[in-house]
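# Remarks on the overall topology
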Amino acid sequence: MAENVDWVALRSARERRDLRTFALVLTARGIESRIDLIDGDWRLLVAFEDLAHGREEIAAYERENVSQPAPAFPIRVDSGWWGVAAYLGVIWFVMLAEGAELFGWDWRTDGRLHVASVMSGELWRLVTALTLHADLAHIVANSLFGAVFGLLAGRYFGSGLAWLCIVLGGTLGNALNVLVRPEFFMSIGASTATFAAVGLGGAFFWRSGYFRQARWQRRFAPVFAAIAFFAYTGTGGENTDVVAHLTGLVAGFLIGLYVARTRLHLSGPRAQRFFAWTAIAIIGMAWMLAG
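Keep in mind it's a predicted model, so treat the numbers as computed, not measured.

## Looking at the confidence of the model for the chain
- Mean pLDDT over the chain stands at 90; residues scoring 70 or higher make up 92%.
- Here helix H10 (residues 216-219) is the element of the chain with the lowest mean pLDDT, 66, and helix H6 (residues 125-128) is the one with the highest, 98.

## Some details on the packing of helix H3 (residues 81-100) against helix H8 (residues 159-180)
- Running from N to C, H3 and H8 cross one another at 40°; their axes reach a closest spacing of 8 Å. The orientation of H3 with respect to H8, classified from their angle, is oblique. Judged by the twist between their axes, the crossing of H3 over H8 is right-handed. Here Trp81, Trp82, Gly83, Val84 and Tyr87 of H3 come into contact with H8, specifically with Ser159, Gly160 and Trp163.
- Across the contact of H3 with H8, the residue classes tally to five nonpolar, three polar and no charged.

## Details of H8
- Along its 22 residues, H8 runs 32 Å from first to last C-alpha, staying within 8% of the 32 Å computed at 1.5 Å per residue.
- Most of H8 is tucked away: 16 of the 22 residues are buried.

## So, a nonpolar patch on the surface
- Taken together, the side chains of Leu172, Leu246, Val250 and Leu254 present a nonpolar region at the surface, about 320 Å² in accessible area.
- For the nonpolar patch, the leading source of residues is helix H12 (residues 242-262), giving three residues.
- One can find Leu172 in helix H8.
- For Leu172, a relative accessible area of 34% corresponds to the partly exposed category.

## Focus: the sheet that holds strand E1 (residues 7-13)
- Reading across from one edge, E1-E3-E2 is the order of the three strands in this open sheet, with antiparallel pairing throughout. Each edge of the sheet is formed by a strand with only one pairing partner; in this case those strands are E1 and strand E2 (33-38). Averaged over all pairs of adjacent strands, the angle between strand axes in this sheet comes to 35°, irrespective of strand direction.
- As judged from the six bridges shared by E2 and strand E3 (residues 41-47), these two strands associate in the antiparallel manner. Residue pairing for E3: Leu37 is matched across the bridge by Trp42.
- Helix H1 (residues 17-28) rests against E1, E2 and E3 of the sheet, and its axis sits at about 10° to E3.

## Comments concerning the pattern of salt bridges
- Inspection of every chain in the model, using the stated rule, returns eight salt bridges.
- Among the salt bridges present, the one from Arg17 reaches Glu15, with a minimum N-O distance of 3.9 Å.
- A relative accessible area of 45% places Arg17 in the partly exposed class.
- Arg108 is paired through a salt bridge with Glu98; the nearest N and O atoms lie 2.9 Å apart. Taken together, the residues Arg108 in helix H4 (residues 107-111) and Glu98 in helix H3 connect sequence positions 10 residues apart.

Calculation rules
Residues numbered from 1 in each chain as written. Predicted model: local features only at pLDDT ≥ 70, side-chain atom pairs only at ≥ 80, totals over all residues. Heavy atoms only, no water. pLDDT = per-residue confidence, 0-100. Helix = DSSP H or I, 4+ residues; strand = E, 2+ residues; numbered from the N terminus. Axes fitted to C-alpha atoms, helices over the stretch in contact; angles between N-to-C directions. Parallel < 35°, antiparallel > 145°, perpendicular 65-115°, else oblique. Left-handed = near helix turned anticlockwise from the far one by under 90°. Contact = heavy atoms within 4.5 Å. Nonpolar A, V, L, I, M, F, W, Y, C, P; charged D, E, K, R; others polar. Expected span 1.5 Å × (residues − 1). Buried < 20%, exposed > 50% of the residue type's maximum accessible area, 1.4 Å probe, protein only. Patch = residues over 30% accessible without salt bridge, like charges linked within 9 Å, V, L, I, M, F, W, Y side chains within 5 Å. Areas by Shrake-Rupley, 256 points an atom, 1.4 Å probe, with all protein chains shown as cover. Salt bridge = Lys/Arg side-chain N within 4 Å of Asp/Glu carboxyl O. Pairing = 2+ DSSP bridges.

As structure tokens, this is what we get:
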């Protein structure tokens, strides 16, 4: 490389690697260059007499290698609010019905998740337990978190499909929980379904490829976010059922992978209504069996 050359900056960047491709382009065109760190920035330097030629070659390279546009964010299917309203309506109705002993039922005893009862055939408990809550603080917390993640899922899955997936994810999460718990174990609460919604969104946004062209850290960001939420909110507290939260997350993740593959969220309004009524029917039938 020539020693007595008047070097001038052609390009600058924060990282050296961002200039290597341009340096190779110049080398291929017979233009001598170097990359130096100057005042905290990396500079691609060429001889003064090659500056105009170098600019032309890099401009031609950039025109021929236009980067693909960033992928669009997921299609918003609906507002998601009516699904949230239905969710809140169900869990608050059940709490009020339990307090009033509506229909003469013992809602808590008949609907809670009890491993021995489920193993003996009372499978409805996998669903009904999702709608029961221990006290006001419990239902308020599940109302808040369920609404947030249900709203997110409802917007991009459609409210009908989103809440059917959440109900199925919570049910599957409870079933997995039963498999690893002793016979005397009992639990109630919608948090298993809430974590199913978290896993649902994480898997869907990851596998749908909306971040496919980004660096690997960003491509896996939805999965990392779901795991982080579980780590920070699903593992603490005296009465926290960590296993149920984890099984709900796993169940939702599996369902999210399926939706991303089949693209059920694009099925249309008629299918969304079918999904919604199916979710309602599952909960209604479960309580009819329990009663």
